[in-house]
Amino acid sequence: MIKRDSSTQLFEEAKKVLPGGVNSPVRAFRSVNGAPIYFEEGSGAYTKDADGNTYIDLCCSWGPLILGHADPRVLKKVSSVMSKGTSFGAPNKYETQLARLIVDNHPYIEKIRFVNSGTEAAMSAIRLARGVTGKNKIIKFEGCYHGHVDSLMVKAGSGLATLGTSTSAGIPEAFVQETIVLPLNDPSAVEAAVKKYGHDIACIAIEPIPANNGLLLQDKEFLLFLRKICTENNILLFFDEVISGFRVAFAGASGYYGIEPDMVAFGKIIGGGFPVGAYAAKALVMDNVSPDGPVYQAGTLSGNPLAMAAGLAMLQSLNQEEEVFNRLAEKTAYLHQGLDSVLSTTNIPYQINRLGSMISVHFTEIPVTDFETAAFGNNDTFKKYFHGMLEQGIYLPPSAFESYFLNDALSFSDIDQTINALHLVIKKL
Ligand code: PMP
């Protein structure tokens, strides 16, 4: 057994002063049991924990570290900006440079507003959609996550085109009433909801590549259908690209599929590991945001120079070398092939979903395409798999409902090591 005394002790201390010992629930390892790992260092594809153990990191801070940990280009830029101060609560040149880089590479975006998290981005985008259209309701999809925004913490009620029910305590019923939750990939459900509530629907929100129940591979036709029904009914199409933006391609899922939404939310990736989010659209829409327009939204640390500099360094590196996306996809395909070759020698049912540099393994016989099919995954098998891999020095996201995020620092030999680890782990599954 790997020694984890220091991590365990740190967690015990944390539980005394932080709810569940953490600042974000999935980190508490509840769904896999056990105590979380306290990382103290990261370099490229690897992390080192408080007990000195090293891991190949396939979670990578849940996505933002596309270049890997402590990338020298990002560190250099952040250090030089940081040495001159950390925050002024006033405009700085880096926010304009980052905005220009994003706007120039997304044809449907003319203006962007930076915020501090994906949650804030989705929340603000929805307020803007309501403010611009003068309508109240939103459609979202079961299996997609858009942060812990009140009106988005809602799951499907019973029957199609019904209003949802809240997934958290503390959310007024009146907010829930404004959210319609539908199954993914079901045009008839969308048609029925638009028929019933269309006059009052401000936007349809979707993760164009849903990655919050593992990776749920979508039908491009469904996204095209959403584009059409939104245009026909004066509804804004809102792509939440917090995960897919700058990961599947520089122009995100919209570029990958060639579908232009009316609004987009970005998140952690554009901060290169610092807390950032953003929402963006054509000027006609964004000019409704304060101080130009009546939709109020503000933030003391929004556009913070450190976060902007980190995002700029990472996105510039990704933009200068489009090949990076092919390289990442190639490595992920190699991992897929390796996992498949090991798991196929067992009688354990499994599914592997992959797109670009995202991949998820589900222990079920049924192809995983939506919230319902993801829920069939065997969590007991996942727990054994997760802890087995951890014991072999492979850090996977600590939940059966998450995608792995590969980074450019990861080598083929790291992937071989991951596959070899699985060889040992399957004996105990
Ligand atoms: N949207 C999506 C698609 C996400 O995956 C997430 C979180 N991973 C969020 C929004 C919320 O972002 P944050 O955790 O930064 O608030």
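Colleague: For this particular structure, what's the right way to read the sheet that holds strand β13 (residues 351-355)?
Modeller: In a beta sheet, neighbouring strands pair by backbone hydrogen bonds and run either parallel or antiparallel. Taken together, 3 strands build an open sheet; the order of strands is β13-β14-β16 and the sheet is antiparallel. Because the sheet does not close on itself, it has two edges, and the strands there are β13 and β16 (404-405). Bridge count between strand β14 (residues 358-362) and β16: 2 bridges; the pairing is antiparallel. Looking at the pairing, I359 lines up with Y404 of β16.

Colleague: Any chance you could explain the site of the ligand here in plain terms?
Modeller: All residues in the neighbourhood of the ligand are listed as S117, G118, T119, Y145, H146, G147, E207, N212, D240, V242, I243 and K268. At 2.6 Å, a side-chain N or O of T119 approaches an oxygen atom of the ligand. Y145 has a polar backbone atom sitting 3.4 Å from a nitrogen atom of the ligand. Burial of the ligand by the surrounding chains reaches 83%, relative to a free accessible area of 390 Å².

Colleague: How should I be thinking about the packing of helix α11 (residues 323-343) against helix α14 (residues 412-425) in this particular structure?
Modeller: Working note: a packed helix pair is described by the angle between its axes plus the distance between those axes. Following both chains from N to C, one finds α11 and α14 inclined at 20°, their axes separated by 9 Å at the closest point. Comparing the axis directions of α11 and α14 gives the class roughly parallel. For the pair α11 and α14, the sense of crossing is right-handed. Side by side, α11 and α14 meet where E330, K331, Y334, L335, G338, L339, V342 and L343 of the first sit next to F412, I415, D416, T418, I419, L422 and H423 of the second. For the contact of α11 with α14, the per-class residue count stands at 9 nonpolar, 3 polar and 3 charged.

Colleague: How should I be thinking about the sheet that holds strand β10 (residues 236-240) in this particular structure?
Modeller: Spatially, the 7 strands line up as an open sheet ordered β4-β12-β11-β10-β9-β5-β8, and their pairing is mixed. Among the strands making up the open sheet, the edge pair consists of β4 (111-115) and β8 (179-182). Shown here is a sheet whose adjacent strand axes are inclined to one another by a mean of 20°, direction ignored. As judged from the 4 bridges shared by strand β9 (residues 201-206) and β10, these two strands associate in the parallel manner. What sits directly across from I206, in β10, is F239. In the packing of helix α6 (residues 187-197) onto the sheet, contacts are made with β5 (137-141), β8 and β9, and the angle to β8 comes to roughly 160°.

Colleague: Explain the packing of aromatic side chains here, please?
Modeller: By the definition in use, this model includes 13 aromatic pairs. A centroid spacing of 5.0 Å and a plane angle of 85° characterise the contact between F246 and F250, whose relative ring orientation is edge-to-face. Comparing F246 with F250 shows no difference in burial state: the two are buried. Geometrically, the ring pair formed by Y334 and F412 is edge-to-face, given 5.1 Å between the ring centres and 80° between the ring planes. With a gap of 78 residues between them, Y334 in helix α11 and F412 in helix α14 connect regions that are remote in the sequence. Overall, the relative accessible area of 35% leaves F412 in the partly exposed class. Through a chain of ring-to-ring contacts, three or more aromatic side chains come together here, namely F29, F363, F382, Y385 and F386.

Colleague: Is there a simple way to explain the pattern of salt bridges in this structure?
Modeller: Oppositely charged side chains can form a pair if their charged atoms are brought close together. Counted by the stated rule, this structure contains 14 salt bridges. The residue E391 makes a salt bridge to R4 at a minimum N-O spacing of 3.7 Å. With E391 in helix α13 (residues 379-391) and R4 in the segment before α1 (5-17), this pair connects stretches of sequence that are 387 residues apart. Residue E391 is classed as partly exposed on the basis of its relative accessible area of 23%.

Colleague: For this particular structure, what's the right way to read the pairing of strand β12 (residues 277-281)?
Modeller: If a strand is regular, its side chains alternate between the two faces of the sheet. Burial analysis of β12 places 5 of its 5 residues in the buried class, the great majority of the element. The two faces of β12 match: G277, Y279 and A281 on one face and A278 and A280 on the other face are all buried. The sheet contact formed by β4 and β12 spans 5 bridges and is antiparallel. Along β12, the bridge assignment pairs F114 with A278.

Colleague: What's the story with helix α7 (residues 220-232) in this structure? I'm lost.
Modeller: Because each turn of an α-helix spans 3.6 residues, side chains separated by three or four positions end up pointing in the same direction. Between its terminal C-alpha atoms α7 stretches 19 Å, which fits the 18 Å expected from 13 residues at 1.5 Å a residue. Among the residues of α7, those classed as buried are F222, L223, F225, L226, R227, I229 and C230. Check the buried side of α7 and you find it contacts β5, α6, β9, β10 and α8 (252-257). After α7 finishes, the residue N234 shows a positive phi value of roughly 55°.

Colleague: How should the side chain of T47 be read in this particular structure?
Modeller: Mapped onto the elements, T47 comes out in strand β2 (residues 46-49). We classify T47 as buried; its relative accessible area is 4%. Setting aside its immediate chain neighbours within four residues, T47 contacts F39, E41, G42, N53, T54, Y55, D57 and H69.

Colleague: What exactly am I supposed to notice about unusual backbone geometry here?
Modeller: Glycine aside, residues mostly have negative phi, and peptide bonds are mostly found in the trans state. For the peptide bond that leads from S290 to P291, omega is 10°, which places it in the cis range. Non-glycine residue C60 carries a positive phi angle of around 50°. Judged by its relative accessible area of 0%, C60 is buried.

Colleague: Help me out: how do you make sense of the state of the cysteines in this one?
Modeller: By definition, a disulfide is the covalent link that joins the sulfur atoms of two cysteine residues. Applying the stated rule across the entire model yields 0 disulfides. In this structure C59 is a free cysteine whose sulfur lies 7.5 Å from that of C60, the closest cysteine sulfur available. Given the relative accessible area of 2%, C59 is considered buried. Looking at C230, it has no disulfide partner, and the nearest cysteine sulfur is the one in C203, 8.3 Å off.

Reading the values: rules and limits
- Along each chain, residue indices are assigned from 1 in the same order as the chain's sequence is written.
- Totals for whole chains, interfaces and linings use every residue, but because this is a predicted model, local features are given only for residues with pLDDT of at least 70 and side-chain atom pairs only at 80 or more, for both listing and counting.
- The side-chain values count all of the structure's non-hydrogen atoms but skip hydrogen atoms and water molecules.
- One bridge is not enough; two strands pair if DSSP finds at least two bridges between them.
- Numbered from the N terminus, helices here are DSSP runs of H or I no shorter than four residues, and strands are runs of E no shorter than two.
- Nearness here has a simple test: a residue counts as near a molecule or strand if at least one of its heavy atoms is within 4 Å of that partner.
- Under the rule applied, a polar contact is a pair of N or O atoms within 3.5 Å (in protein, one hydrogen donor and one hydrogen acceptor; residues adjacent in sequence only if both atoms are side-chain atoms).
- Each accessible area is a Shrake-Rupley estimate made with a 1.4 Å probe; only the visible protein chains count as cover when residues are assessed.
- Angular values range over 0 to 180 degrees, each being the angle between N-to-C directions of two axes fitted as lines to C-alpha atoms, with helices fitted over their stretch in contact.
- We call two directions roughly parallel when the angle between them is under 35 degrees, roughly antiparallel when it is over 145, roughly perpendicular when it lies between 65 and 115, and oblique otherwise.
- Should the near helix be turned anticlockwise from the far one by less than a right angle, the crossing is left-handed, and should it be turned clockwise, the crossing is right-handed.
- Any two residues whose heavy atoms approach within 4.5 Å are treated as being in contact.
- In this classification, Asp, Glu, Lys and Arg are treated as charged, Ala, Val, Leu, Ile, Met, Phe, Trp, Tyr, Cys and Pro as nonpolar, and every other residue, Gly included, as polar.
- Pairing of aromatic side chains requires ring centres within 6.5 Å, counting the rings of Phe and Tyr and the six-membered ring of Trp. Pairs whose planes differ by under 30 degrees are stacked, by over 60 edge-to-face, and all others tilted.
- Each residue is placed in one exposure class: buried if its accessible area under a 1.4 Å probe, protein chains only, is under 20% of its type's maximum, exposed if it is over 50%, and partly exposed if it falls in between.
- What counts as a salt bridge is simple: a side-chain nitrogen of Lys or Arg found within 4 Å of a carboxyl oxygen of Asp or Glu.
- A helix is expected to span 1.5 Å multiplied by its residue count minus one.
- Disulfides are defined in this document as cysteine sulfur pairs within 2.5 Å.

No statement about biological role is implied by the geometric values presented.
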